[in-house]
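Residue-level listing of the chains:
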Amino acid sequence: MNTIGGHDTRPLRCAPDSTLEAFYRALIAQHGSPLLVFDKAILRQKFRALQSALPGVELYYAVKAHPDQHIIEVINQLGGGFDVASAGEMDLLLEHKVSGRRTIHTHPIKKDQEIRDALRFGATTFVVDNLHELRKLVPYRSRVGVLLRVSFRSSSAKVDLSKKFGCAPNEVFDLVSNAEALGIHIKGLSFHVGSQCLDASKHVEAINECANLIKTINQGASRPLSVLDIGGGFPADYELTGLDIDAFCAPIRSALASLPSDWHIIAEPGRYLIAPAVTSITTVTGLSRRGGYQWYYLDDGVYGSFSGQIFDHAVYPLQIFKTGAPVASIIAGPTCDSIDVIAEDILMPELEIGDLVMGLQMGAYTAATKTRFNSIPDAKLIVVDSREQSAK
Ligand SMILES: *Cc1c(COP(=O)(O)O)cnc(C)c1O
């Protein structure tokens, strides 16, 4: 027997907003429901905010977070670089004539064909974390510069990206001398402390450890290491607390300030940049009263835009345009599978068929992992530019 009491405590915004509702309804009238609405102005704002929070750090957007043409176009216009991991991701960049020089290929494990595809595309920076992978680069050694990925596990990150990839810090020395013997140029070190980090202490720890490793290696080296890639991990504001990226990055700024000024520092943000720029718009298509709960069936769910609730361990804030007495509710997606539930036991004012339910902060690792289960149409991505709208 379930106990009713609102165990899903994600942020839920309940307030009429006739202007916004009319805007979303007009989009649905034109394009259908469900939708993902990408606001270019928010992406531009986040990119600039991160640039100013990390002065001197070159930003490479992690394409896997949301591999969409319109998003790539904005990053390209802002002069950002791209972090890619596959030929498919490079193909997306080709359409915008992004030079391979403005990309880094960060997949530590590659087939020979993938290396050749990346070279043909023009990428020259590759990431490696073991000797097998270094050896694969020998035929191309005159054309590549390598970053060694180091593993730093983080318990505070939502998504661990150092479990599967990265060498232990003490393995770096052997890999550097092996690379030297193979005639491969190691440009520097990289790490990813994990996605959706709740504080910057892991970044700081990893920066300091990498700095020590690089300084030790550079003593008497003929080709000193001079690149440090601090990865991604910068958080999205899923709790809607008004996360301040400048404050989040303050400890990272101080750690970077102590590094030699001729080092080249780069970062690979994905989630922080794109999560807040996309809103999911869904429509209530069915109602039911089951087991003491008010059930709502939406036209998008965990096999679609909300797939990040499964793959990315994310919990997205929701918004409705209604107020009223809170009712213990279950919000489910459109497929016939019972795991297709977006919110279990959430206290929410009552909705009717045809009402809208919005998912906020839904740009990162959402559409990227959607399926076509039950052959239900996926949400169409609609591009808006809120600066242009308000200027009209
Ligand atoms: C996924 C990934 C990123 C992006 O991470 P975020 O936490 O979304 O910023 C960056 N670099 C690499 C190598 C990744 O795999």
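Quantities reported herein were computed from a predicted structural model and do not represent experimental measurements.

Conventions and cut-offs
- Residues numbered from 1 in each chain as written.
- Predicted model: local features only at pLDDT ≥ 70, side-chain atom pairs only at ≥ 80, totals over all residues.
- Heavy atoms only, no water.
- 1 Å grid on protein atoms, 1.4 Å probe; cavity = no way out; pocket = protein on both sides within 12 Å on 5 of 7 lines; lining within 4 Å.
- Points joined across faces, edges and corners; volume = space filled by probe spheres on them.
- Helix = DSSP H or I, 4+ residues; strand = E, 2+ residues; numbered from the N terminus.
- Nonpolar A, V, L, I, M, F, W, Y, C, P; charged D, E, K, R; others polar.
- Domains from an automatic or database assignment.
- Expected span 1.5 Å × (residues − 1).
- Buried < 20%, exposed > 50% of the residue type's maximum accessible area, 1.4 Å probe, protein only.
- Polar contact = N/O pair within 3.5 Å; in protein donor to acceptor, adjacent residues only side chain to side chain.
- Contact = heavy atoms within 4.5 Å.
- Near = heavy atom within 4 Å.
- Sits in = over half its atoms within 2 Å of the grid points.
- Patch = residues over 30% accessible without salt bridge, like charges linked within 9 Å, V, L, I, M, F, W, Y side chains within 5 Å.
- Areas by Shrake-Rupley, 256 points an atom, 1.4 Å probe, with all protein chains shown as cover.
- Salt bridge = Lys/Arg side-chain N within 4 Å of Asp/Glu carboxyl O.
- Axes fitted to C-alpha atoms, helices over the stretch in contact; angles between N-to-C directions.
- Parallel < 35°, antiparallel > 145°, perpendicular 65-115°, else oblique.
- Left-handed = near helix turned anticlockwise from the far one by under 90°.

Caption draft 1: Main features of the layout of surface pockets. Quantified by volume, the largest pocket comes out at close to 730 Å³. For the largest pocket, the lining is made up of 36 residues, of which Lys64, Arg149, Leu161, Phe165 and Tyr365 are closest to its centre. Broken down by secondary-structure element, the contributors of at least two residues to the lining of the largest pocket are strand S4 (81–84) and helix H10 (271–274). Looking at the lining of the largest pocket residue by residue, the classes come out as 15 nonpolar, ten polar and eleven charged. Of the domains in this structure, domain 1 (2–38 + 275–391) and domain 2 (40–274) are the two that each give at least three residues to the lining of the largest pocket. If one sorts the elements of the lining of the second largest pocket by residue count, helix H1 (residues 18–31) sits on top with three residues. Of the residues belonging to the lining of the second largest pocket, the class tally is eleven nonpolar, six polar and three charged.

Caption draft 2: A look at helix H2 (residues 40–53). Its 14 residues give H2 an end-to-end C-alpha distance of 20 Å, which sits within 8% of 20 Å, the value for a rise of 1.5 Å per residue. If you check which residues of H2 are buried, you get Lys40, Ala41, Leu43, Arg44, Lys46, Phe47, Leu50 and Ala53. Looking at where H2 begins, the residue whose side-chain oxygen comes 3.0 Å from the main-chain nitrogen of Ala41 is Asp39.

Caption draft 3: Fine view of helix H8 (residues 201–218). For H8, with 18 residues, the first-to-last C-alpha span of 26 Å sits near the 26 Å given by 1.5 Å per residue. Of the residues making up H8, those classed as buried are Lys202, His203, Val204, Ala206, Ile207, Cys210, Ala211, Leu213, Ile214, Ile217 and Asn218. The secondary structure elements touched by the buried residues of H8 are helix H7 (172–182), strand S8 (185–190), strand S9 (227–229) and helix H9 (245–257). Following H8 by one or two positions, Gly220 adopts a phi angle in the positive range, close to 75°.

Caption draft 4: Quick peek at the site of the ligand. Within the structure, the ligand sits among 14 residues, and Lys64, His192, Ser195, Glu268 and Tyr365 are positioned closest to it. His192 has a polar side-chain atom sitting 2.8 Å from an oxygen atom of the ligand. One of the backbone N or O atoms of Gly270 is found 2.9 Å from an oxygen atom in the ligand. More than half of the atoms belonging to the ligand lie within 2 Å of the grid points that define the largest pocket. For the shell around the ligand, the per-class residue count stands at three nonpolar, six polar and five charged.

Caption draft 5: View of the side chain of Thr366. Along the chain, the position of Thr366 falls in the loop between strand S16 (356–359) and strand S17 (380–384). Within the structure, the side chain of Thr366 is placed 2.7 Å from the backbone oxygen of Met362, a separation counted as a polar contact. Beyond its immediate sequence surroundings of up to four residues, Thr366 is in contact with His66, Gly304, Ser305, Ser307 and Tyr316.

Caption draft 6: Representation of a nonpolar patch on the surface in the model. Nonpolar side chains collect at one region of the surface, where Ile310, Phe311 and Ile339 lie side by side and expose about 300 Å² of accessible area between them. As for its position among the elements, Phe311 is in helix H11 (residues 308–311). The exposure class of Phe311 is exposed, given its relative accessible area of 52%.

Caption draft 7: Structural detail: the environment of Cys210. Among the secondary structure elements, Cys210 is positioned in helix H8. Residue classification places Cys210 among the buried residues on the basis of a relative accessible area of 0%. Taking the C-alpha atoms as reference points, Cys210 and Asn178, separated by 32 residues in sequence, lie 19 Å from one another.

Caption draft 8: Expanded view of the packing of H2 against helix H3 (residues 69–77). Between H2 and H3, the least distance of the axes is 10 Å, while the angle of their chain directions is 45°. With respect to each other, H2 and H3 are oriented oblique. Crossing of H2 against H3: the hand is right-handed. The residues of H3 that touch H2, namely those facing Lys40, Leu43, Arg44 and Phe47, are Ile71, Glu73, Val74 and Ile75.

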